[in-house]
Amino acid sequence: YPLQSLRREMKTIPEIPLYIDASNEWSMTRLNEFVASLSPRVALHASDGERIRLHLAAVLVSNFTNHLYALAERYCKKEGIDFTQLYPLILETASRLGTVAAASLQTGPAIRGDEATIQAHLALLDGHPHLQPVYRMLSDSIRESSWMAAMP
């Protein structure tokens, strides 16, 4: 099970975790040898239950995050904003994930409890009714999860 979206146009397989499972030791050894030829990052075993939990986490960090990028890109286009100006912020945020817990990276009005800014943002979204519930739901989730920032 590759923990990555693989696309036909990819020339090489990136270094990604590959999870394997087998019903016996011989098959596990053969699978491990094969997978090691594809990627140095091999998880020796991931049961069906572990793989479905990994897939759920992957959907959260990849599919849902990409959907937010698409929503922001649509918003920027409608507002005459160059979406590419957000690339450095996106890349910086992602690059920091390897060094600290994601919860400790959270910034913005919801984590600060800045209701005035949240209300101002919601007013700006009057012309984008599809974004208002997303903004509210994520702001509420961030506020309710603010305790996570203190996690080690």
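Residues numbered from 1 in each chain as written. Predicted model: local features only at pLDDT ≥ 70, side-chain atom pairs only at ≥ 80, totals over all residues. Heavy atoms only, no water.

Trainee: How should the packing of aromatic side chains be read in this particular structure?
Mentor: The way to describe two aromatic rings as a pair is by their centre distance and the angle between their planes. The full count for this structure, using the stated rule, is one aromatic pair. Measuring from ring centre to ring centre gives 5.8 Å for Phe83 and Tyr87, while their planes differ by 85 degrees; the resulting arrangement is edge-to-face. Tyr87 gets classed as partly exposed once you look at its relative accessible area, which sits at 40%. (Phe/Tyr/Trp six-rings, centres within 6.5 Å; stacked < 30°, edge-to-face > 60°. Buried < 20%, exposed > 50% of the residue type's maximum accessible area, 1.4 Å probe, protein only.)

Trainee: What is the right way to look at the nonpolar core in this model?
Mentor: Burial of nonpolar side chains together is a common tendency in soluble globular proteins. Formed by Leu71, Ala110, Ile118, Leu122, Leu125, Leu131 and Tyr135, the largest nonpolar core amounts to seven residues. Among all residues touching Leu125, those that are not within four sequence positions of it are Tyr75, Leu131, Gln132 and Tyr135. Core analysis: the next-biggest nonpolar cluster, separate from the first, contains five residues, Leu18, Ile20, Met28 and Val35 among them. (Core = buried A, V, L, I, M, F, W, Y, C linked by side-chain atoms within 4.5 Å. Contact = heavy atoms within 4.5 Å.)

Trainee: Any chance you could explain the pattern of salt bridges here in plain terms?
Mentor: One side chain can pair with another of opposite charge once the charged atoms of both are near each other. Summed over the entire model, instances satisfying the criterion amount to seven salt bridges. With a closest N to O distance of 3.0 Å, Arg7 and Glu9 form a salt bridge. Taking relative accessible area as the criterion, Glu9 reaches 53% and is therefore assigned exposed. In this structure, the salt-bridge partner of Arg143 is Glu115, at a minimum N-O distance of 2.5 Å. With Arg143 in helix α6 (residues 132–144) and Glu115 in helix α5 (residues 115–124), this pair connects stretches of sequence that are 28 residues apart. You can call Arg143 partly exposed: its relative accessible area is 27%. (Salt bridge = Lys/Arg side-chain N within 4 Å of Asp/Glu carboxyl O. Helix = DSSP H or I, 4+ residues; strand = E, 2+ residues; numbered from the N terminus.)

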